[in-house]
Amino acid sequence: MHTPDWVKHAVFYQIFPDRFVRSGEVKHQEAVQLKPWGTPPEEQGFQGGDLYGVINRLDYLEELGVTALYLNPIFESAANHRYHTYDYYEVDPLLGGNEAFRALLDAAHARNMRVVLDGVFNHASRGFWPLHHVLENGKDSPYVDWFVIRDWPLRPYAPDPDTPHNYAAWAGIPALPEFDTTNPEVRSFLLDVAEYWIDFGIDGWRLDVPDEIEAKGFWEEFRTVVKRVNPEAYLVGELWGTSPSWLQGDRFDGVMNYPLLGPTLSFFGAGSLRDYSKAHLTFEPIDADAFADKIEGLLALYDWEATCAQLNLLDSHDMARALWILGENTAALRQAVLFLMTMPGAPCIYYGDEIGLSAAGDPHCREAFPRDEDDWDTDLLSFYRAATTLRHRHEVLRTGHVDVLQATGRTLVVRRTLDDQTALVAFNAGSTAATIEIEASDLPSRTLSPAWPPTAEADLALQNAAPTVRLSPRATRVWATN
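Everything numeric in this text was worked out from a predicted model, so none of it was measured. Once a new chain begins, its residue numbering starts again from 1 and follows that chain's sequence as written. Local features are withheld for residues below a pLDDT of 70 in this predicted model, meaning they are given only at 70 or higher, and side-chain atom pairs are given and counted only at 80 or more; totals for whole chains, interfaces and linings count all residues. Calculation of side-chain values draws on the structure's entire complement of heavy atoms; hydrogens and water are dropped beforehand.

Draft legend 1. Seen up close, the sheet that holds strand β19 (residues 476-480). Strands are labelled as partners when DSSP assigns at least two bridges between them. Here a strand is any run of E in DSSP of at least two residues, a helix any run of H or I of at least four, and the numbering for each starts at the N terminus. Within the open sheet, the 5 strands sit side by side as β13-β14-β15-β19-β17. Their pairing is antiparallel. Strands with a single pairing partner mark the edges of an open sheet, and in this sheet they are β13 (401-408) and β17 (449-452). Ignoring strand direction, the axes of neighbouring strands in this sheet form an average angle of 20 degrees. Of the strand pairs in this sheet, strand β15 (residues 421-428) and β19 are connected by 5 bridges, and their pairing is antiparallel. Along β19, the bridge assignment pairs Leu424 with Trp479. Sitting on the sheet, helix α9 (residues 288-301) is in contact with β13 and β14 (411-418), with an inclination near 165 degrees to β13. Where helix α12 (residues 330-341) meets the sheet, its contacts fall on β14, β15, β17 and β19, and the angle it forms with β15 comes to roughly 160 degrees. Axes, fitted as lines to C-alpha atoms, cover a helix only where it is in contact. Angles between the N-to-C directions of the axes lie from 0 to 180 degrees. Contacts were defined at the residue level, with two residues in contact if any of their heavy atoms lie within 4.5 Å.

Here it is, written out as structure tokens:
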């Protein structure tokens, strides 16, 4: 199995376009009424973030250490989240249209920054033109077999519970008619969309609810089409559970690593976790030994190429923000971030986490990025910048082999090795100081120099004699060979 090399070294940043930056450069926005920037997200309207705004913030993202963007859907839609697509070949005019996206791609690529789009191929929207054609023409429409219709006439707006919509729809939501992907015409259409945007220049697809497309061979064919145009395009699936059958080299390169997210927040957040669950995720305090079992289980689950291509995250647009789940415990968040930065798989920052945004689940987690820097946690932002720098500086932290050396109580020690490079990462996630004895046999012959925290003193260097490491509460230490 081969996965794109660039992903293994990437730091992703997930953007919910309507809420990131409003540039004031989209002419179409001048003719419509937008919600004021910063309106509570539960009001659901459009606040006018756009793709020119993303371009204007590329300097900020580059300073943050971001090398890849994951954009939530950008195609024409009547929903601010744009999972209700009605034209797959046009970028929403409220975002600036195809012209703005072309400019964003060119600007990002000039900085060696990749761009991955959210692909929604299980369902479209009530406004999707083939469904509208069926609505107007009934059984006489040539697109009637693009959907699973149970009876007539079509009811896209259910008047009451006794007469619900009468076609297959995602999660039973009539605004989201499902495609019949067993239909060759539908498959041809969707595969053409996939190829069109790869040819346009995108660097991959994040695939929405892929397990709900059960048509045999669809995702295998999807991979073939995409990789034929760009062999290094990234295909990552939104799968909330462990997914070894999806990562055999015939479908996806990686998945959104929710099975790592849960234990990570549960370990580092023990003592401050909120009562919260989402899909397969639950958050209950665990100690280091249970956390180590989860880590080792996930590392054994996939081919190493797939492990290094996982999209590792702490939250997303579909769940509460990490800081909120952690009960506003910033120290726990910092350690969770450092853990992702020192593990295989591409870490992904959900927009605004780096400045301290904290909110409950959808829609609250889709709030506007504050314009005023006085509303930012700039100390946290500086930490994120230093954490990404640590990862970029040491290749061993990106693709090195992983060994859990110690996992006791609230302390965890992990070793990464790559050829003649070694890194040692030690966490004390407890509220009291901890002492860790490191075996001489676990150390390389070369001296390990302090790599974290950024102000670490030289006398923390580890020689090849068995050292005793003392960690203050909530301390993290990283050592690496030069």
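After that view, the rundown keeps rolling.
Draft legend 2. Up close: the pairing of β15. Burial runs high along β15: 7 of the 8 residues are buried. In this sheet, β15 lies alongside β14 in antiparallel orientation, the contact comprising 8 bridges. Note on β15: the bridge partner recorded for Val413 is Ala426. What sits between β14 and β15 in their antiparallel hairpin is a turn of 2 residues, with Asp419 showing a positive phi close to 55 degrees. To sort residues, take the accessible area from a 1.4 Å probe on protein chains only and compare it with the maximum for the residue type: under 20% means buried, over 50% means exposed, and anything in between is partly exposed.

Draft legend 3. Broad picture of the packing of helix α6 (residues 184-200) against helix α7 (residues 218-229). Where α6 contacts α7, the axes come no closer than 9 Å and their chain directions differ by 30 degrees. Between α6 and α7, the angle falls in the class roughly parallel. Note on packing geometry: the crossing formed by α6 with α7 is right-handed. Every residue of α7 that contacts α6 at Arg187, Leu190, Leu191, Ala194, Glu195, Ile198 and Asp199 is listed here: Phe218, Glu221, Phe222, Val225, Val226, Arg228 and Val229. Any residue outside Ala, Val, Leu, Ile, Met, Phe, Trp, Tyr, Cys, Pro, Asp, Glu, Lys and Arg is labelled polar, Gly included; the first ten of those are nonpolar and the last four are charged. Here the contact of α6 with α7 is built from residues that sort into 9 nonpolar, no polar and 5 charged. Under this scheme an angle from 65 to 115 degrees is roughly perpendicular, one under 35 degrees roughly parallel, and one over 145 degrees roughly antiparallel; angles in between are oblique. Rotating anticlockwise by less than a right angle from the far helix to the near helix defines a left-handed crossing, while the corresponding clockwise rotation defines a right-handed one.

Draft legend 4. Inspection of the packing of aromatic side chains at higher detail. Aromatic rings from Phe, Tyr and Trp, taking only the six-membered ring of Trp, are treated as a pair when their centres fall within 6.5 Å; an angle between ring planes under 30 degrees marks them as stacked, one over 60 as edge-to-face, and anything in between as tilted. Scanning all chains against the criterion turns up 52 aromatic pairs. When the ring of Trp219 is compared with that of Phe222, the centres are 5.1 Å apart and the planes differ by 65 degrees; the resulting orientation is edge-to-face. Highlighted residues: Trp219 and Phe222, both in helix α7, separated by 3 residues, approximately one helical turn. Like Phe222, Trp219 is buried. Any Lys NZ or Arg CZ that is within 6 Å of a ring centre and within 35 degrees of that ring's normal is treated as a charge sitting over the ring. Lying over the aromatic face of Phe20, Arg57 brings its terminal NZ or CZ to 5.3 Å of the ring centre. The ring of Tyr60 carries the charged tip of Arg57 above its face, separated from the ring centre by 5.9 Å.

Draft legend 5. A look at the packing of helix α8 (residues 258-268) against α12. Two elements in contact, α8 and α12, have axes whose closest approach is 9 Å; the angle formed by their N-to-C orientations is 140 degrees. Here α8 is positioned oblique relative to α12, judged by the angle of their axes. Judged by the sense of rotation from one axis to the other, the crossing of α8 with α12 is right-handed. Residues Leu260, Thr264, Leu265 and Phe268 of α8 pack against Ala332, Gln335, Ala336, Phe339 and Leu340 of α12. Broken down by class, the residue content of the contact of α8 with α12 amounts to 7 nonpolar, 2 polar and no charged.

Draft legend 6. The state of the cysteines, seen in detail. Any pair of cysteine sulfurs within 2.5 Å is marked as a disulfide. One pass over the structure, following the stated rule, counts 0 disulfides. Between Cys348, a cysteine without a disulfide, and Cys365, which holds the nearest cysteine sulfur, the sulfur-to-sulfur distance is 13 Å.

Draft legend 7. Geometry of the sheet that holds strand β7 (residues 234-237). Taken together, the 8 strands give an open sheet; going across it, the order is β8-β7-β6-β5-β2-β1-β12-β11, and neighbouring strands pair in parallel fashion. The open sheet has two free edges, formed respectively by β8 (254-255) and β11 (311-313), since each of these has just one partner strand. Pairing of strand β1 (residues 12-15) with strand β12 (residues 346-350) involves 3 bridges; the strand directions are parallel. Each bridged residue has a counterpart across the sheet, and for Gln14 the counterpart in β12 is Tyr350. Along the sheet, helix α4 (residues 97-110) makes contact with β2 (68-71) and β5 (114-119), crossing β5 at roughly 140 degrees.

Draft legend 8. Looking closely at a negative patch on the surface. A cluster of acidic side chains, namely Asp372, Glu373, Asp374 and Asp375, defines a negative patch on the protein surface. Tracing the backbone shows Glu373 in the loop between β12 and α13 (378-393). Here, patches come from residues exposed beyond 30% relative accessible area and free of salt bridges, joined within 9 Å for like charges and within 5 Å for nonpolar side chains (Val, Leu, Ile, Met, Phe, Trp, Tyr). Here the open area of atoms and residues is found with the Shrake-Rupley method and a 1.4 Å probe, where only the protein chains shown may cover a residue. We define a salt bridge as a side-chain nitrogen of Lys or Arg found within 4 Å of a carboxyl oxygen belonging to Asp or Glu. Neither His nor the chain termini are counted; the positive set is Lys and Arg, and the negative set is Asp and Glu. We put the charge of a Lys on NZ, of an Arg on CZ, of an Asp on CG and of a Glu on CD.

Draft legend 9. Structural detail: the pattern of salt bridges. Overall, the coordinates contain 26 salt bridges when judged by the stated rule. Among the ionic pairs, Arg102 bridges to Asp106, the shortest N-O distance being 3.2 Å. Of this pair, Arg102 and Asp106 both sit in helix α4, 4 residues apart, roughly one helical turn. The partner of Arg366 in a salt bridge is Asp318, with the nearest N and O atoms 3.6 Å apart. On the criterion of sequence distance, the pair formed by Arg366 in the loop between β12 and α13 and Asp318 in the loop between β11 and α11 (322-325) is long-range, its members being 48 residues apart.

Draft legend 10. Structural view of unusual backbone geometry. In this structure, the amide linkage connecting Trp152 to the following residue, Pro153, adopts the cis form with an omega of -5 degrees. The topology assignment puts Pro153 in the loop between α5 (129-137) and α6. For the bond running from Trp452 to Pro453, omega is 5 degrees, close enough to zero to count as cis. For Pro453, the location among the structural elements is in the loop between β17 and β18 (468-471). Look at Ala279: it is not a glycine, yet its phi comes out positive at around 50 degrees. With respect to the helices, strands and loops of the structure, Ala279 is situated in the loop between β9 (277-278) and β10 (281-282). Overall, the relative accessible area of 60% leaves Ala279 in the exposed class. Positioned with a positive phi, Glu328 is a non-glycine residue whose angle comes to about 65 degrees. Examined against the element boundaries, Glu328 turns out to sit in the loop between α11 and α12.

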